[in-house]
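# Observations on chain architecture
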Amino acid sequence: MNDFINEPLLELRRAPVRANLTEAMTALDAQLPWRVPVIVGGERRDEPSFTSHDPGTPDRTVAHVTAATPQDVDAAVHAAAHAAPEWEARGAHARAAILSRAAGELRGRRQRLAALAVRECGKPWAEADADVCETIDFLEYYAQQAIALEHADGLVQLPGERNTLRYAARGVVAVVGPWNFPLAIPAGMVAAGLATGNGVVLKPAEQSPACALAVVEAFHAAGVPPAALNLLPGEGDVGAALVAHPGVHTIAFTGSGAVGLEILKTAAEVRPGQRHLKRVVAEMGGKNCVIVDADADLDDVVPALVYSAFGFAGQKCSAAARALVHQRIADTLVERLHGAVDQLLIDQAERFGVDVPPVIEAAARERIDGFVRTAHEQGARVHQPGTVPAAGHFVAPAVIDGLPAGSRVTEEEIFGPVLAVESVASVDEAVEIVANLPFALTGGLFSRDPATVERVSRALPVGNLYVNRHITGAMVGRQPFGGNRLSGTGTKAGGPDYLLHFVEPRVVTEDTMRHGLVV
């Protein structure tokens, strides 16, 4: 195996690259709507009962989707459990080779996958291409990590005694994925389960089932046994039935805090026939703050803040939601943020160069608009200059300052293009604000003082702190990603410890002193 290298992003400034993507979109549009079946043990049940749509053009149906039934859930878990022992017995090298082939399958379908993410989730081209690249990265990285894990054995040995440690697959992994990274995050959680020898059942977000189908088909085309990876499209009831199933050993979830807490509660209950404790790998929401010290270079701060808060319409769990700015520069920074927001391009995701695409669905738009209304009602200054397309679920980006202490705008996760700016007397006051939050996912700091950087880095509880740069875009193998407190269970996707959540350690101690020979 080669050393891991992140998949390079496309150079979208090049006309031939843009032409290839446009061609891929034209080809995809000619195929829409897709049909997304339930896939259990390689068998497909195609009886559509709901649809997914283009957030920018809601009249465009992306997929007709079959919702899984309770019987499908039970069959999928049993299929994965039956397939897991043979899959694990192949060994890490064989499984890694198949995951690498799956990465190759994805690489060969790159433009088409990016186009699908643009259509089904409203991701701008750059974000969609990055999603594909991260998908490939997860597969390649976990393939290599699984091999390293298989050979890990650092036990102390004594004369006459042999101690060995191996990591065995836990059994069945239930993956419940999000829509905002419709390819990378579900594929990453699936790859972690498969790389370590588990059977996997994937329940994708109801907004992005076609992307999930594309991922599953790539795994199967690469040689993953059909029963080792099963697909259960559907809404929340399907996910709830899956995580509650007594045959599930590990639950890998990325999504909202409310759902994550419910999964943790469900997983803690031992059901009839269940002979193990379920393990939950949960990545949930955040209320991510960026601290800006008085000595910060605003030429760096403004574009980084704008990108962190408004890129992909703020629909990243790592997005910037609050800026805590030293009072000496707060007014200047707000003025410059206003100017930057005035220049943002709000339009359809497929338009090259767009800054703010639509949000995922009408309910999300209404929720975000509700936060903006709250800011108006509380007497805050709301700068929301953009005009949005007539069709689609668009929300113009907003910079808000002057909010009262304890406003829900500064306390709750919005998951949209809204940035609250607050003036603080010192960096220490900002640190205290962050330290008292229930969330601890990502954070940012702009300061030119190394002592300040060191002090703040040690004080903040966030899982990922970015210094003097934007706070989104964690790279596999370089910035293992995951939050603490109510933002998650502290796991780090794309990091060297992540696979440990999908295995159980087993130690064998053998007395090697022979006492005669077997006759």
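Everything numeric here is computed off the predicted structure, so don't read it as measured data. Counting from 1, residues in each chain are numbered in the order their sequence is written. The model is predicted, so local features are restricted to residues of pLDDT at least 70 and side-chain atom pairs to those at 80 or more, both for listing and for counting; the totals for chains, interfaces and linings are taken over all residues. As a rule here, side-chain values cover all heavy atoms of the structure and leave hydrogens and water aside.

Summary of the burial criterion: residues with accessible area below 20% of their type's maximum are buried, those above 50% are exposed, and those between are partly exposed, where the area comes from a 1.4 Å probe applied to protein chains only. Only DSSP runs of H or I reaching four residues or more are called helices, and only runs of E reaching two or more are called strands; each is numbered from the N terminus. What helix α15 (residues 450-459) keeps buried is the set T452, V453 and V456. All buried residues of α15 lie within an arc of 100° about the axis, which places them on one face of the element. Along α15, exposed side chains directed more than 90 degrees from the buried face belong to P450 and R458. Any two residues whose heavy atoms approach within 4.5 Å at even a single point are treated as in contact. In this structure, the buried residues of α15 make contact with β12 (288-292), α14 (427-435), β18 (442-446) and β19 (464-467). Any pair of N or O atoms that falls within 3.5 Å is considered a polar contact. Within protein, one atom must be able to donate a hydrogen and the other to accept it, and sequence-neighbouring residues count only if both atoms are side-chain atoms. Regarding α15, its N-cap is D449, as a side-chain oxygen of that residue lies 2.9 Å from the backbone nitrogen of A451 further along. Think of it as the arc spanned by the lines of direction from the helix axis to the C-beta atoms.

Bringing the domain arrangement of the protein chain into the picture now. Quite often, the size of an interface is put as the accessible area lost when its parts meet. Residue ranges for the domains trace back to a domain assignment, done automatically or taken from a database. By the assigned domains, the protein chain splits into domain 1 (36-284 + 488-506) and domain 2 (289-467). Relative placement of domain 1 and domain 2: their C-alpha centres are 31 Å apart. With 20 residues of domain 1 at the interface, the matching set in domain 2 holds 24 residues. Buried surface area refers to the total accessible area, computed with a probe of radius 1.4 Å, that the two partners give up upon joining, counted for both partners together. Of the roughly 1,800 Å² buried between domain 1 and domain 2 on both sides combined, carbon and sulfur atoms contribute 61%. It is P55, W125 and W179 that lose the most area in domain 1 upon contact with domain 2, and together they represent 26% of the buried surface on that side. Any carboxyl oxygen of Asp or Glu that lies within 4 Å of a side-chain nitrogen of Lys or Arg is treated as forming a salt bridge with it. In this structure, the connection of domain 1 to domain 2 is made through two salt bridges. Note that E127 is salt-bridged to K316, the shortest N-O span being 3.1 Å. Along the contact surface separating domain 1 from domain 2 lie nine residue pairs in polar contact (both at pLDDT 80 or more). Elements represented by at least two residues in the side of domain 1 that touches domain 2 include exactly β5 (57-65), α4 (110-121) and α5 (125-150). Element by element, the count of residues in the side of domain 1 that touches domain 2 is highest for α4, at four residues.

Here we come to the packing of helix α3 (residues 92-108) against α5. With their axes 9 Å apart at the nearest point, α3 and α5 run at an angle of 170° to one another. In terms of their interaxial angle, α3 and α5 are classed as roughly antiparallel. From α3, A92, H93, A96, L99, S100, A102, A103, L106 and R107 reach across to α5, where they touch V132, T135, I136, L139, E140, A143, A146, I147 and E150. Amino acids outside the nonpolar list (Ala, Val, Leu, Ile, Met, Phe, Trp, Tyr, Cys, Pro) and the charged list (Asp, Glu, Lys, Arg) are all regarded as polar, and Gly is one of them. Here the residues of the contact of α3 with α5 sort into 12 nonpolar, three polar and three charged. Structural elements are reduced to axes, namely lines fitted to C-alpha atoms, with helices fitted over the stretch in contact, and the angle between N-to-C directions of any two is expressed from 0 to 180 degrees. For classification purposes, angles smaller than 35 degrees are called roughly parallel, those larger than 145 roughly antiparallel, those between 65 and 115 roughly perpendicular, and all remaining angles oblique.

This part is about α5. In this scheme, a helix's expected span is set at 1.5 Å multiplied by one less than its residue total. Between its first and last C-alpha atoms α5 spans 38 Å; for 26 residues at 1.5 Å apiece the expected length is 38 Å, and the two agree. In terms of burial, α5 is largely enclosed, as 21 of its 26 residues are buried.

Here we take up the packing of α3 against helix α7 (residues 209-222). Contact geometry of α3 with α7 gives a least axis separation of 8 Å together with a crossing angle of 130°. By the criterion of interaxial angle, the relationship of α3 to α7 is oblique. Classified by chirality, the crossing of α7 by α3 is right-handed. Facing I98, L99, R101, A102, E105 and L106 of α3, the residues of α7 in contact are A218, F219, A221 and A222. Residue classes in the contact of α3 with α7 are distributed as eight nonpolar, no polar and two charged. Crossing chirality is assigned from the near helix's rotation relative to the far helix, an anticlockwise turn below a right angle marking it left-handed and a clockwise turn marking it right-handed.

Here we take up the sheet that holds β12. Pairing between strands requires that DSSP locate at least two bridges from one strand to the other. The seven strands lie next to each other as β14-β15-β16-β13-β12-β18-β19, forming an open sheet whose pairing is mixed. Unpaired on one side and paired on the other, β14 (381-383) and β19 mark the two borders of the sheet. Here the average twist between neighbouring strands, direction ignored, is 20°. In this structure, β14 lies alongside strand β15 (residues 398-401), joined through three bridges in antiparallel fashion.

Strand pairing within a sheet occurs via backbone hydrogen bonds; the two strands may be parallel or antiparallel. Strands sit in the order β1-β5-β4 across an open sheet of three strands; the sheet is mixed. In this open sheet, the two strands that pair with only one neighbour each are β1 (34-36) and β4 (50-54). Each strand axis lies, on average, 45° off the axis of its neighbour in the sheet, ignoring direction. Summarising the sheet, β4 and β5 pair through five bridges and their orientation is antiparallel. Within the sheet, the bridge partner assigned to S52 lies in β5 and is A63. Seen against the sheet, α4 touches β1, β4 and β5 and runs at an angle of roughly 120° to β5.

This paragraph deals with the nonpolar core. By nonpolar core we mean a set of buried residues, namely Ala, Val, Leu, Ile, Met, Phe, Trp, Tyr and Cys, connected to one another through side-chain atoms within 4.5 Å. Core analysis: the biggest nonpolar cluster contains 77 residues, and W34, Y142, L194 and F219 have the highest contact counts within it. What W34 contacts, discounting residues up to four positions off in sequence, is L28, V62, A63, H64, R112, L116, A210, L213 and A214. Within the second largest apolar cluster, 57 residues are counted, among which are L333, V334, I368 and A420.

Let's shift gears to empty space enclosed by the protein. The definitions used throughout rest on a 1 Å grid laid over the protein atoms alone, on which a cavity is an enclosed set of points accommodating a 1.4 Å probe that cannot get out and a pocket is an open set flanked by protein within 12 Å on both sides along at least five of seven lines; lining residues are those having an atom within 4 Å of a point. Grid points are joined across faces, edges and corners, and a volume is the space filled by probe spheres set on the points. The tally for this structure, following the rule as stated, stands at four cavities of 30 Å³ or more. Here the largest cavity defines a volume of roughly 110 Å³. Residue lining of the largest cavity: 14 residues in total, with G314, A319, A321, I414 and F415 positioned closest to the centre. In terms of residue class, the lining of the largest cavity is built from seven nonpolar, four polar and three charged.

With that out of the way, let us pick up the side chain of R119. The residue R119 is located in helix α4 in this model. Within the structure, the side chain of R119 is placed 2.8 Å from the side chain of E350, a separation counted as a polar contact. In this structure R119 touches M25, L28, D29, L32, H53, D54, P55, R60, V62 and E350, once residues within four positions along its chain are discounted.

In this section: the UniProt feature "domain: Aldehyde dehydrogenase" (unreviewed entry) in the protein chain. UniProt positions are given in the numbering used here, feature names are shortened, and annotations may be inferred rather than shown by experiment. The feature "domain: Aldehyde dehydrogenase" (unreviewed entry), as given by UniProt, occupies residues 49-508 in the numbering adopted here. Structurally, residues 49-508 comprises 40% helix and 20% strand, and the distance from its first C-alpha atom to its last is 51 Å.

Turning our eyes to something else, we now look at the pairing of strand β13 (residues 320-326). Here β13 lies mainly inside the structure; seven of its seven residues are buried. Bridge count between β12 and β13: five bridges; the pairing is parallel. Note that in β13 the partner of N288 across the bridge is A320. For a crossover, the right-handed case is the one in which the path from the first strand over the helix to the second runs clockwise, viewed with the strands pointing away from the viewer. What joins β12 to β13 is helix α10 (residues 298-310), and the crossover it makes is right-handed. Relative to strand β16 (residues 418-424), β13 runs parallel, the two sharing five bridges. Residue pairing in the sheet places L324 in a bridge with E422 of β16.

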